[in-house]
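Spelled out from the first residue to the last, the chains are:
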Amino acid sequence: QVLLVESGGGLVQTGGSLRLSCTTSGSTFSNYAAAWFRQAPGLEREFVAAISWSGRNTLYADSVKGRFSISRDNAENTVYLEMNSLKLEDTAVYYCAARAVISDYALDSDMDYWGKGTLVTVSS
């Protein structure tokens, strides 16, 4: 069982930055591809960014390309989401997810484990 815990959410003004962290316990994180998803009020959960187990491959939603950056530190069992130039529409609960893998692909679906989320609120 993989337990994922997100942190780093909060209130930020438009144009500001935040860094989210996702830490895990119960398993070696290097065996898992990881991703961030988000869910805004009244909307369905959507994919944000993904990273392969090695960190060499990444994938981003078009809405965050050039503004968000996903990275990982397997020695620390942590995945990060650096968010810059935040917009009002980035307001959402952000979820970390992981999937056990053999190949070194960044994956945006069929995740095995989910965290409980951290709230990001962008204000004008």
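Residues numbered from 1 in each chain as written. Predicted model: local features only at pLDDT ≥ 70, side-chain atom pairs only at ≥ 80, totals over all residues. Heavy atoms only, no water.

Here we look at the side chain of Glu6
By the element assignment, Glu6 lies in strand S1 (residues 3–7). Although Glu6 lies buried, it forms no salt bridge, and the closest oppositely charged side chain, Arg45, sits 8.4 Å away as judged by the N-O distance. Only 2.8 Å separates the side chain of Glu6 from the backbone nitrogen of Cys96, close enough to count as a polar contact. Only 3.2 Å separates the side chain of Glu6 from the backbone nitrogen of Lys116, close enough to count as a polar contact. Those residues in contact with Glu6 that lie beyond four places of it in its chain are Ser21, Cys22, Trp36, Tyr94, Tyr95, Cys96, Gly115, Lys116, Gly117 and Thr118. (Helix = DSSP H or I, 4+ residues; strand = E, 2+ residues; numbered from the N terminus. Buried < 20%, exposed > 50% of the residue type's maximum accessible area, 1.4 Å probe, protein only. Lys, Arg positive; Asp, Glu negative; His and termini not counted. Salt bridge = Lys/Arg side-chain N within 4 Å of Asp/Glu carboxyl O. Polar contact = N/O pair within 3.5 Å; in protein donor to acceptor, adjacent residues only side chain to side chain. Contact = heavy atoms within 4.5 Å.)

Quick notes on the packing of aromatic side chains
Enumeration according to the criterion identifies three aromatic pairs in this entry. Pairing Phe37 with Trp114 gives two aromatic rings, centres 4.9 Å apart and planes at 55°, and the pair type is tilted. Here Phe37, found in strand S4 (residues 32–39), pairs with Trp114, found in strand S10 (residues 113–114); they are 77 residues apart in sequence, far enough to count as distant. Site record: aromatic cluster; members linked through ring pairs are Phe37, Phe47 and Trp114. Here the basic side chain of Arg45 rests over the ring of Tyr95, its NZ or CZ set 5.8 Å away from the ring centre. Its end group placed over the ring of Phe29, Arg72 keeps NZ or CZ at 5.0 Å from the ring centre. (Phe/Tyr/Trp six-rings, centres within 6.5 Å; stacked < 30°, edge-to-face > 60°. Lys NZ or Arg CZ within 6 Å of the ring centre and 35° of its normal.)

Observations regarding the sheet that holds strand S8 (residues 78–83)
The sheet built from four strands is open, its strands ordered S1-S3-S8-S7 with antiparallel pairing. Strands with a single pairing partner mark the edges of an open sheet, and in this sheet they are S1 and strand S7 (68–73). Sheet twist, expressed as the average angle between the axes of neighbouring strands with direction ignored, equals 15°. Sheet analysis places S1 next to strand S3 (residues 18–25), joined by five bridges and oriented antiparallel. By the bridge assignment for S3, Ser7 is matched with Ser21. (Pairing = 2+ DSSP bridges. Axes fitted to C-alpha atoms, helices over the stretch in contact; angles between N-to-C directions.)

Section: the state of the cysteines
Counted according to the given criterion, the structure contains one disulfide. Put simply, Cys22 and Cys96 are joined by a disulfide, and their sulfur atoms are 2.1 Å apart. The chirality of the disulfide connecting Cys22 with Cys96 is left-handed, given an S-S dihedral of about -80°. Of this pair, Cys22 sits in strand S3 while Cys96 sits in strand S9 (residues 92–100), and the two are 74 residues apart along the sequence. For the residue pair Cys22 and Cys96, the accessibility class agrees, reading buried in each case. (Disulfide = S-S within 2.5 Å.)

Purely geometric numbers; function is a separate question.
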